[in-house]
Amino acid sequence: MSVVIHESDMDFGVYEDDQVFQIEKCQQYQKSLKPNGIKSCEFILRKGNKLYFVEAKTSCPQQINTNSSEEKIKKYQDYVSDILLKMRHSLNLYSAILFSRYSNEGISKTMMDSDLSDLEIRLVLVVKNAEKEWLAPFVDVFNKALYSELQIWKPSRVFVMNESTAKQKGLIAGLAAMAD
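Predicted model, so just to flag it, every value in this text is computed and none were measured. (Residues numbered from 1 in each chain as written. Predicted model: local features only at pLDDT ≥ 70, side-chain atom pairs only at ≥ 80, totals over all residues. Heavy atoms only, no water.)

Draft legend 1. Structural context of the nonpolar core. Phe-21, Ile-44, Phe-53, Tyr-94, Leu-123, Phe-138 and Phe-142 are the most contacted members of the largest nonpolar core, which totals 36 residues. Counting residues per element, the ones that place at least two in this core are helix 1 (27-33), strand 5 (50-57), helix 2 (70-98), strand 6 (120-127), helix 3 (132-145) and strand 7 (156-162). Residue contributions to this core peak at 10 residues, all from helix 2. In this view, Phe-142 contacts Val-80, Ile-83, Leu-84, Leu-125, Val-158 and Val-160; residues no more than four positions away in its chain are not counted. (Core = buried A, V, L, I, M, F, W, Y, C linked by side-chain atoms within 4.5 Å. Buried < 20%, exposed > 50% of the residue type's maximum accessible area, 1.4 Å probe, protein only. Helix = DSSP H or I, 4+ residues; strand = E, 2+ residues; numbered from the N terminus. Contact = heavy atoms within 4.5 Å.)

Draft legend 2. Broad picture of the confidence of the model for the protein. Across the protein, the average pLDDT comes to 90, with 96% of residues at or above 70. Counting contacts from residues 175-180, a segment whose pLDDT is below 50, to residues more than four positions away or on other chains yields 19 contacts. (pLDDT = per-residue confidence, 0-100.)

Draft legend 3. Main features of the environment of Leu-93. Considering the arrangement of structural elements, one finds Leu-93 in helix 2. As for Leu-93 and Leu-135, which are separated by 42 residues in sequence, their C-alpha atoms are 27 Å apart. Those residues within four positions of Leu-93 in sequence are excluded, and the remaining contacts are Ile-23, Tyr-29, Leu-33 and Tyr-102.

Draft legend 4. Fine view of the packing of aromatic side chains. What the rule picks out here adds up to 7 aromatic pairs. Taking the centre distance of 6.5 Å and the plane angle of 35 degrees together, the rings of Phe-21 and Tyr-94 count as tilted. With a gap of 73 residues between them, Phe-21 in strand 3 (residues 20-21) and Tyr-94 in helix 2 connect regions that are remote in the sequence. With a relative accessible area of 3%, Tyr-94 lands in the buried category. Put simply, the rings of Tyr-76, Tyr-79, Phe-138 and Phe-142 pair up and form one aromatic cluster. (Phe/Tyr/Trp six-rings, centres within 6.5 Å; stacked < 30°, edge-to-face > 60°.)

Draft legend 5. Quick look at the sheet that holds strand 6. Strands sit in the order 3-4-5-6-7 across an open sheet of 5 strands; the sheet is mixed. Two strands lie at the open edges of the sheet, namely strand 3 and strand 7, each paired on one side alone. Here strand 3 pairs with strand 4 (residues 43-47) via 2 bridges, running antiparallel. Paired with Phe-21 across the strands is Ile-44, a residue of strand 4. Helix 3 rests against strand 6 and strand 7 of the sheet, and its axis sits at about 160 degrees to strand 7. (Pairing = 2+ DSSP bridges. Axes fitted to C-alpha atoms, helices over the stretch in contact; angles between N-to-C directions.)

Draft legend 6. Focus on helix 3. Over its 14 residues, helix 3 extends 21 Å from the first C-alpha to the last, a length consistent with the 20 Å expected when each residue adds 1.5 Å. Every buried residue of helix 3 is listed here: Leu-135, Phe-138 and Phe-142. The buried residues of helix 3 occupy one face: seen down the axis, they fall within an arc of 50 degrees. Residues of helix 3 that are exposed and point over 90 degrees away from its buried face: Glu-133 and Lys-144. (Expected span 1.5 Å × (residues − 1). Arc of directions from axis to C-beta.)

Draft legend 7. Structural detail: the side chain of Lys-57. Structurally, the position occupied by Lys-57 is in strand 5. Residue classification places Lys-57 among the buried residues on the basis of a relative accessible area of 17%. Reaching out from Lys-57, the side chain makes a polar contact with the side chain of Asp-82 at a distance of 3.2 Å. Setting aside residues no more than four positions away along its own chain, Lys-57 makes contact with Ser-8, Met-10, Tyr-79, Asp-82, Ile-83, Lys-86, Leu-125, Val-126, Val-127 and Lys-128. (Polar contact = N/O pair within 3.5 Å; in protein donor to acceptor, adjacent residues only side chain to side chain.)

Draft legend 8. Looking closely at unusual backbone geometry. Each neighbour pair has its own omega, and for Gly-13 with Val-14 the value is 10 degrees, a cis peptide bond. Relative to the helices and strands, Val-14 is located in strand 2 (residues 10-16). Backbone geometry at Ser-8 places phi at a positive 50 degrees, although glycine is not the residue there. With respect to the secondary-structure elements, Ser-8 resides in the loop between strand 1 (2-7) and strand 2.

What follows is the structure, encoded as structure tokens:
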């Protein structure tokens, strides 16, 4: 069975059902964690030797500079903080499920494989309506802020892309397998 995930006015997929864990919609998150302020990315995708934690947004703030207003700085910082929490919490929740701290209900055997040691972890933000040049600085911001997590979960990488790039990479519906 195949699945398409509709988020932020984009269709992610088409994926095989056993490749995807819709962490944001799972009962473990919805019942116990979301009501307590825990954040989650949209879904986790396993393709080949890669595990993608995917967050989708329709837009993003432009970069701040020394002339930015306090309001713009606050909005930018809130945006970044929200995404950082979603990635950190999603990594933690997935790990907690693998350690049986929460049930594995709704997770395929592929996603629960007992040996995940060879998987590369990719933290992916897809912003539908963003110019490519707006997104490059976010990679640096997220790499710096997530430095510890990237070291712990080696090998790990952060990707920030718009809808067009996500289509080229095969993350958005109807296209080939995701490439580097």
